[in-house]
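Chain residues, written in single-letter form:
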Amino acid sequence: MRGIKFSFLCRSKPEPTGKRVAIVGAGPAGLTAAGYLVCKGHAVDIYDKMPEPGGLMLFVIPEFRIPIERVRLGAKELEEEFEVTYYPRTKVMEGSREDEGDEFYERTVRLSELREKYDAVLISTGIWNVRRIGIPGDDLDGIFSPLELLFWIKGHKMGYVPKEKVPELENKKVGIIGAGLTAVDVAFECNRLGAEVEIFYRRTIREAPAGAYEINLLRRRGVKWFELVTPKRVIGENGRVKAIELLRTRLGEPDESGRRRPIPIPGSEFQVELDYLVFAIGMVSTPPVNGGYLATDRRGRLIVDGRHMTNVEGIFAAGDVVNGPTKVGRAIKDGLYTAVSIDRWLRGEL
Amino acid sequence: MEREYLYLDYLTCIGCETCETVCGFIHDGNPYIRIYVTENKQYLPINCKHCDDAPCLRVCPTHAIYRDEEGAVRIAENKCIGCLVCLQVCPYGVPFYSLKVRAITKCDMCAERREEGLEPACSLMCPAEAIQYGPLEIVLELVRERRAKNIPEHQKEVTEEELAKSVSSGYIFL
């Protein structure tokens, strides 16, 4: 197997320009931008809070979709052939905030410090927080965030997570709320580990973001699919999840996303017993700022201009931290075009 | 020169759009590989398969379509009269007429990059390793090795013959 060739635009390292760029976040956007920038002769340092570069591609997306080696070898090639320096286990932050995967960082660096030390900074910190649902009982034991669950499973395989951290899923009943790609990935992994998986979705399979193909694959493997239901509360026993109370829904008029809005039907409550529950209802951008220094929108995403630059001159941003949850390819696209902007800006053309 | 193959394994593709992105990036925003999505959300990137027995090559009245040394089906833009017959016979609807170039354009297996000793960009960047490039035996081996990592439904044992047919004729093997 060969690694992803992030530096696909050139064969070898060109004459150095003497400019130094810091990239915060070694996911698809950051690594692709690094690949472009090294091909233009800039020196690149990459900071990431996780123990090795790769981001969600490496630590969260299941192996059957993106092989571990494919990402590892790609990141290694940047280091060996193009002298990219990685600073793993380093969280870059201005202010503070708790995100998923925080247990791995050992050092913190301030973003403003990087801005002073480097000619340009690119932020590609992605979406390392999970949207909370806000219903009674959503903080009980046995409720996992999809990121941590997927991360424990894959991280254990990679040797970063001890066995006892991975929940024993065999013959356990796992409920998953949501029908996006994350929900489907959680379902695949839990099913593989022997759990009885049930997916609950408030619309129908036709509206499910993951699509009928993926969901039907899961159904053929024994995963139960419940549609037109929405969670009302989580029922616990001794502080642990025991069941979920759901409401049936019907579809009303289309909402701003163009999909028909689910309307809960009053009095239709029913309960499903569960051992574990996962709310996979969306992820939230995690910029290296919290409220100050860089401008963010009301969903916490970094705001950039036509040059992909934030409100601080010389600090650029790309990927999911700007766009919210998208696909790997969209993050790569944003990383690539942002790198073009950075290169032009460093040359004084922008 | 040895015949090179560019093979897209639909059982491994995750529909992430990376191929379309990088192809568009090196072709001024006009990707030669495009992702089509079916009603049930299966993602199918479609590009020229560089078929061994290419109907476009046979039908072109001005012989503007030829096969280069490494096996890529290419267009000689100066010979193309824009009759679109190639588009009509292509099983994948791949060729399209570019008003800018004033000729048919399509995937040329990254001809310019190959001249510089670089491989096709889509294959290099695909995170899932669904696009393999190289001589047939190597492609076959890589597809098998990669498919072994898939979920059981997508592992699907294929014989060498079947895969060879799929790779070299462009017949999509699902």
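Residues numbered from 1 in each chain as written. Chains lettered and ligands numbered in written order. Predicted model: local features only at pLDDT ≥ 70, side-chain atom pairs only at ≥ 80, totals over all residues. Heavy atoms only, no water.

(A) Inspection of the nonpolar core at higher detail. All names here are of chain A. With 93 residues, the main nonpolar core has Ile-23, Ile-46 and Ile-176 as its most contacted residues. Of the domains in this structure, domain 1 (20-128 + 283-346) and domain 2 (132-279) are the two that each give at least three residues to this core. Every residue in contact with Ile-23, bar those within four places of it in the chain, is listed here: Gly-30, Ala-33, Ala-34, Leu-37, Val-44, Asp-45, Ile-46, Tyr-47, Leu-122 and Ser-124. (Core = buried A, V, L, I, M, F, W, Y, C linked by side-chain atoms within 4.5 Å. Buried < 20%, exposed > 50% of the residue type's maximum accessible area, 1.4 Å probe, protein only. Domains from an automatic or database assignment. Contact = heavy atoms within 4.5 Å.)

(B) Representation of the interface of chain B and chain A in the model. Of the residues lining the interface, 36 residues belong to chain B; the matching set on chain A comes to 38 residues. Where chain B abuts chain A, roughly 3,200 Å² becomes buried across the two surfaces, and 59% of that area is made up of carbon and sulfur atoms. The tally of links between chain B and chain A comes to 4 salt bridges. Between Glu-119 of chain B and Arg-2 of chain A there is a salt bridge; the shortest N-O distance is 3.0 Å. The tally of links from chain B across to chain A stands at 20 residue pairs in polar contact (both at pLDDT 80 or more). Those elements that place two or more of their residues in the side of chain B that touches chain A are helix 1 (18-26), helix 5 (121-125) and helix 6 (136-147) of chain B. For the side of chain B that touches chain A, the element with the highest residue contribution is helix 1 of chain B, accounting for 6 residues. For the side of chain B that touches chain A, a count of residues per class yields 15 nonpolar, 10 polar and 11 charged. (Buried area = accessible area lost by both parts, 1.4 Å probe. Salt bridge = Lys/Arg side-chain N within 4 Å of Asp/Glu carboxyl O. Polar contact = N/O pair within 3.5 Å; in protein donor to acceptor, adjacent residues only side chain to side chain. Helix = DSSP H or I, 4+ residues; strand = E, 2+ residues; numbered from the N terminus. Nonpolar A, V, L, I, M, F, W, Y, C, P; charged D, E, K, R; others polar.)

(C) Quick peek at the pairing of strand 12 (residues 229-237) of chain A. All names here are of chain A. Bridge count for strand 12 against strand 13 (residues 240-254) is 8 bridges, and the pairing is antiparallel. Bridged to Pro-231 within strand 13 is Leu-246. Taking the residues between adjacent antiparallel strands as the criterion, strand 12 and strand 13 are bridged by 2 residues, where Asn-238 takes a positive phi near 50°. (Pairing = 2+ DSSP bridges.)

Read these as layout, nothing more, since geometry by itself doesn't imply function.
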